[in-house]
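Geometric and topological summary
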Number of protein chains: 2
Amino acid sequence: MPDSDYSEVRKLHLFSQMEDAQFGALMRGAYVQNFPPQIELITEGDPSDFLHIVVSGAIELFSSWNGRDTSMATVRPVSTFILAASIKDAAYLMSARTLEKSRLVLIPSQDVRAAFEESSSFAKAIVLELAQCYRSVVKNTKDLKLRTSRERLANYLLRQKERSGSLAFDLALEKRRLASFLGMTPENLSRSFKGLEAYGVKVTGNHIVITDLDDLTRFAKPNPLIDDFSV
Amino acid sequence: MPDSDYSEVRKLHLFSQMEDAQFGALMRGAYVQNFPPQIELITEGDPSDFLHIVVSGAIELFSSWNGRDTSMATVRPVSTFILAASIKDAAYLMSARTLEKSRLVLIPSQDVRAAFEESSSFAKAIVLELAQCYRSVVKNTKDLKLRTSRERLANYLLRQKERSGSLAFDLALEKRRLASFLGMTPENLSRSFKGLEAYGVKVTGNHIVITDLDDLTRFAKPNPLIDDFSV
DNA sequence: TTGCTTGATTGACATTTATCAAGCAAATGG
DNA sequence: CCATTTGCTTGATAAATGTCAATCAAGCAA
């Protein structure tokens, strides 16, 4: 594995406290691979052979049922995904595809489980990571159940504003994927953007400008127990 | 703490592999308390002072935002709840209230974190528990995003049928709570039940009889990656 | 028993969201 | 450059879901 990948992965919370020997062992069994865009990496229901780490590019996690499908999350570098399935040695609950050309590190799940048995610092890191993931999904459920689609969009925009640190930013996702992630159709997203113009949101293609933050905030009513993914 | 509570708690996956000394220490710092029905035990946003264990009764986890609220889960004996917040030393994401007269064991969160630092068998048990919780919430999200409310109800009934092992069973929840849990209004639940009559569901008060399992299954299209909470 | 409360149901109606079809505009490939 | 594709938007309409008000039924208390 190239040194740059090695050190990028090493910096992740999940691995940063791990003993050198254990981390080295994990990495020796790992594969590094580049994938073109729109490749399905994982199909839900399959056994979880690898813990995945995105080193560059972007991955969409999605799920399907009865001919419908929905975007569950977008994973950006550098992060792991589908840790819970690897640990439990259970089937993947979500499928994954590359959105762009992406570079991944794949660690065999059985190596992850072995390291988890042997390294208590790794086990502790996993606990914190899973607790974080769990809380993120709970927040997402609250977002879905307590808010209308327009409110979800408004709060999504405020979160993106925080991430970018600016009132003007570009959407990180295609609109149709954003629509699916927020649990609505592209048509409805388009109309929701229209509806938010009245609260100071200007949309030009992918570019968003929040012209009246107070007004948008009054409408969106953001709440750290739903919108703050660091807590 | 009474012996019967002690041994009930000891049997939980979370504690069963723990060293005697560590478990004893945890329990020495724990409180046992009885609560009447409809008591709010936890308010979302508060710091997580205790890991809760229901020994008897039933607890509802719920969340609120902007004057609306929604039922997130019902916790029945013997299980823990709000583990992730205790471990992360973060605010509760959900509120909790007793549905019935309930008996709880409360373990100070800092004791839980200390035990997690000291006992690698406890840390491992926590990993498996959190992975399970995470996957349950992901399944719930898929249920919400991929299905209509009537489909969610149909699949809920099939899951209850599995749990009870019989085609006839009683709802474990008041209908208005079930409605909220499934993400719909009581009125809509009532109409959804009506709609399922055509697929062989007979409702008399709290009592459900599935008269045509094949027909209901054809409509509900249950899927282990959404409906099987053991996987 | 009677009256009261609570939860469930029903009907009428409003709102939200999805669907379908058409049009538009930017990006892509010859 | 044009033609084509792709994704986005718009309008018309339909379906799903929520709201409000009234009613009903069961359980509970005086």
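Anyway, here's the lowdown on the structure attached to this text.

Residues and elements named next belong to chain A. In a regular helix each residue adds 1.5 Å, so 16 residues correspond to 22 Å; helix 7 (residues 149–164) covers 22 Å between its end C-alpha atoms and thus fits that length. Taken residue by residue, helix 7 has Arg150, Glu151, Arg152, Leu153, Ala154, Asn155 and Leu157 as its buried positions. The elements touched by buried residues of helix 7 are helix 6 (120–146), helix 9 (186–197), strand 10 (201–204), strand 11 (207–210), helix 10 (213–220) and helix 11 (224–227).

Two strands in a sheet stick together by hydrogen bonds in their backbones, pointing the same way (parallel) or opposite ways (antiparallel). Residue and element names in this part refer to chain A. Reading across from one edge, 9-11-10 is the order of the three strands in this open sheet, with antiparallel pairing throughout. The strands lining the two open edges of the sheet, one partner per strand, are strand 9 (168–170) and strand 10. Averaged over all neighbouring strand pairs, the angle between strand axes comes to 20°, with direction disregarded. Pairing of strand 10 with strand 11, which is carried by four bridges, proceeds in the antiparallel orientation. Within strand 11, the residue paired with Val203 across the bridge is Ile208.

The next point concerns the protein's contact with DNA strand C. In the neighbourhood of DNA strand C, 15 residues make up the surrounding shell, with Thr148, Met184 and Glu187 of chain A together with Lys175 and Arg176 of chain B lying closest. The set of elements that each furnish at least two residues to the surface near DNA strand C consists of helix 7 and helix 9 of chain A together with helix 8 (175–181) and helix 9 (186–197) of chain B. Taken together, the residues of the surface near DNA strand C sort by class into three nonpolar, five polar and seven charged.

Looking along the chain, the bond that leaves Pro77 of chain A and enters Val78 of chain A is cis, with omega of -15°. Of note, Val78 of chain A is situated in the loop between strand 5 (68–75) and strand 6 (79–81). Positioned with a positive phi, Asn66 of chain B is a non-glycine residue whose angle comes to about 55°. Along the polypeptide, Asn66 of chain B turns up in the loop between strand 4 (59–65) and strand 5 (68–75). Taking the number of C-beta atoms within 10 Å as the measure of exposure, Asn66 of chain B has 11 and is therefore exposed.

It is worth spelling out the protein's contact with DNA strand D at this point. In the neighbourhood of DNA strand D, 15 residues make up the surrounding shell, with Lys175, Arg176 and Ser190 of chain A together with Met184 and Asn188 of chain B lying closest. Looking at the surface near DNA strand D, the elements with two or more residues in it are helix 8 (175–181) and helix 9 of chain A together with helix 7 (149–164) and helix 9 of chain B. Looking at the surface near DNA strand D residue by residue, the class counts come to three nonpolar, five polar and seven charged.

Now for the relation of the copies chain A and chain B. For the pair chain A and chain B, the superposition axis carries a translation of 0.0 Å, the fit reaches an RMSD of 0.0 Å, and the rotation angle comes to 180°. The symmetry that links the two subunits is that of a two-fold axis.

Turning next to the environment of Ala114 of chain B. Residues and elements named next belong to chain B. Checked against the element boundaries, Ala114 lands in helix 5 (residues 109–118). Accessibility expressed as a C-beta count within 10 Å gives 15 for Ala114, which makes it partly exposed. Sequence-wise, Ala114 and Val138 are 24 residues apart; in three dimensions their C-alpha atoms are separated by 29 Å.

Reading guide: rules and limits
- Sequence order as written defines residue numbering, which begins from 1 separately in each chain.
- For naming, the first written chain is A and the first written ligand is 1, with later ones following in the order written.
- Side-chain atom pairs in this predicted model are given and counted only at pLDDT of 80 or more, local residue features only at pLDDT of at least 70, and totals for whole chains, interfaces and linings cover all residues.
- Numbered from the N terminus, helices here are DSSP runs of H or I no shorter than four residues, and strands are runs of E no shorter than two.
- A helix's residues, less one, multiplied by 1.5 Å, set its expected span.
- To sort residues by burial, count the other C-beta atoms lying within 10 Å of each one's C-beta; a count of 20 or more means buried, 12 or fewer means exposed, and anything in between means partly exposed. C-beta atoms are built from the backbone.
- Contact criterion: two residues are in contact if their C-beta atoms, reconstructed from the backbone, are within 7 Å.
- Following DSSP output, two strands are said to pair if at least two bridges run between them.
- Angles shown run from 0 to 180 degrees and are taken between the N-to-C directions of axes, each axis being a line fitted to C-alpha atoms and, for helices, limited to the stretch in contact.
- In this analysis a residue is considered near a molecule or strand if the C-beta atom, reconstructed from its backbone, is found within 6 Å of that molecule or strand.
- Amino acids outside the nonpolar list (Ala, Val, Leu, Ile, Met, Phe, Trp, Tyr, Cys, Pro) and the charged list (Asp, Glu, Lys, Arg) are all regarded as polar, and Gly is one of them.
- Residues reaching a pLDDT of at least 70 in both copies supply the C-alpha atoms on which the copies are superposed by least squares.

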